[in-house]
Amino acid sequence: NLGGMISRIFADLMFTEEPKIRVNDPKVQSAIDAFYDRNNLGEFLHETAITQSYAGFSCIELSLADGLSYLSEINPANVYPQFSFVRRGMPDKVIIAWEIEIDKKYYRYVKTHTAGRIETDLWLLSGQSGKAIKTVDLSILSPQILPVEETGIDYMPVYFLNNLKTARDAEGAIVTGK
């Protein structure tokens, strides 16, 4: 797989030596080191560089759990950005969606990020990759998932680089299954 080899070579060149983050304040340095270790940041950045190379974009989500911040890379096939004007820079909205099976029923998990807000829905599907029938209670997945979360920050906790599709083109298909 020539494309895969090229992706890996460029990622290896960028991250052969793990990046170092240094600040003068010891307390801040300690927090950065803990974040770096908790997220295995060197390997994480290497893997996202590979994704960026083969997919043409990468999407990283920042989340909080028990007061600690975590990074996760979102599969490019599950990311649908929406731009208000031109496909440049950060989108106004990012929809992350994927399908799951629970007790032989199929669902579409949809998380919509906008500045200051995260909305989460779970749709019952008519079958595997089927049409969305209705929204269902998120507690099927976990009691900790809130339908609406006010983040208190004026940006999205999703870092997005150059995507090739927009939610404007695909949003109906994500939510309604059309």
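Definitions and limits used
Per chain, residues are indexed from 1 in the order of the written sequence. This being a predicted model, a pLDDT of at least 70 is required before a residue's local features are given, and a value of 80 or more before pairs of side-chain atoms are given or counted; all residues contribute to the totals for chains, interfaces and linings. Side-chain metrics in this entry use all non-hydrogen atoms of the structure; hydrogen atoms and water are not considered. Labels follow the DSSP assignment, with helices taken as runs of H or I lasting at least four residues and strands as runs of E lasting at least two, numbered in each case from the N terminus. Relative accessible area decides the class of each residue, using a 1.4 Å probe on protein chains only: under 20% of the type maximum gives buried, over 50% gives exposed, and in between gives partly exposed. By definition in these notes, contact holds between two residues if any of their heavy atoms fall within 4.5 Å. We get accessible surface area from the Shrake-Rupley algorithm with a probe of 1.4 Å; when it comes to residues, only the shown protein chains can shield them. For a helix, the expected span equals 1.5 Å multiplied by the number of residues minus one. In protein, a polar contact means a hydrogen-donor-capable atom and an acceptor-capable atom, both N or O and within 3.5 Å, with residues adjacent in sequence counting only if both atoms are side-chain atoms; elsewhere, any N or O pair within 3.5 Å suffices. Should DSSP find at least two bridges between two strands, the strands are taken to pair. Take the buried residues of types Ala, Val, Leu, Ile, Met, Phe, Trp, Tyr and Cys, join any two whose side-chain atoms come within 4.5 Å, and each joined set is a nonpolar core.

Here the focus is the overall build of the protein. Helices and strands together make up the secondary structure of the protein, namely four helices and nine strands. Its helices and strands taken in sequence order, the protein reads α-α-α-β-β-β-β-β-β-β-β-β-α from the N to the C terminus. Residue burial in the protein is summarised as follows: out of 178 residues, 34% are buried. Pairs at least 24 residues apart make up 51% of the contacts formed inside the protein by residues separated by at least 6 positions. Of the accessible surface of the protein, which amounts to about 11100 Å², a share of 55% is contributed by carbon and sulfur atoms.

The next thing to look at is helix H2 (residues 26-38). Between its first and last C-alpha, H2 extends 18 Å over 13 residues, near the 18 Å set by a 1.5 Å rise per residue. A side-chain oxygen of the first residue of H2 lies 2.9 Å from the backbone nitrogen of Lys-27; this N-cap is Asp-25. A positive backbone phi angle near 45° is found at Asn-40, which sits one or two residues after H2.

Sheet topology note: the strand E6 (residues 117-125)/strand E7 (residues 132-135) ladder contains three bridges and is antiparallel. In the strand pairing of E7, Trp-123 is matched with Thr-135. Two successive antiparallel strands, E6 and E7, enclose a turn made up of six residues, where Ser-129 displays a positive phi of approximately 55°.

Glancing now at unusual backbone geometry. For Asp-103, which is not glycine, the phi dihedral falls at a positive 50°. Tracing the backbone shows Asp-103 in the loop between strand E4 (93-102) and strand E5 (105-114). Judged by relative accessible area, Asp-103 falls into the exposed class, the value being 72%. Positioned with a positive phi, Lys-104 is a non-glycine residue whose angle comes to about 65°. With respect to the helices and strands, the residue Lys-104 is situated in the loop between E4 and E5. Note on Lys-104: relative accessible area 75%, which makes it exposed.

Turning our eyes to something else, we now look at the environment of Ala-55. Here Ala-55 lies in helix H3 (residues 41-55). The spatial distance from the C-alpha of Ala-55 to the C-alpha of Ala-77 is 8.9 Å, given a sequence separation of 22 residues.

To continue, consider the side chain of Arg-108. Note on placement: Arg-108 falls in strand E5. A polar contact is formed between the side chain of Arg-108 and the side chain of Glu-99, at a distance of 2.7 Å.

Listed in full, the ten residues of the largest apolar core are Phe-57, Cys-59, Ile-74, Val-79, Phe-83, Val-94, Ile-96, Met-156, Val-158 and Phe-160. Every element with two or more residues in this core is listed here: E4 and strand E9 (158-161). With sequence-adjacent residues up to four places away left out, Ile-96 is seen in contact with Glu-61, Ile-74, Asn-78, Tyr-109, Val-110, Lys-111 and His-113. If you look at the next biggest cluster of nonpolar residues, it comprises seven residues, including Ala-97, Val-110, Leu-125 and Ala-132.

Here Gly-152 shows up in the loop between strand E8 (148-150) and E9. The exposure class of Gly-152 is exposed, given its relative accessible area of 76%. Along the backbone, Gly-152 and Gly-116 are 36 residues apart, and their C-alpha atoms lie at a distance of 5.4 Å.

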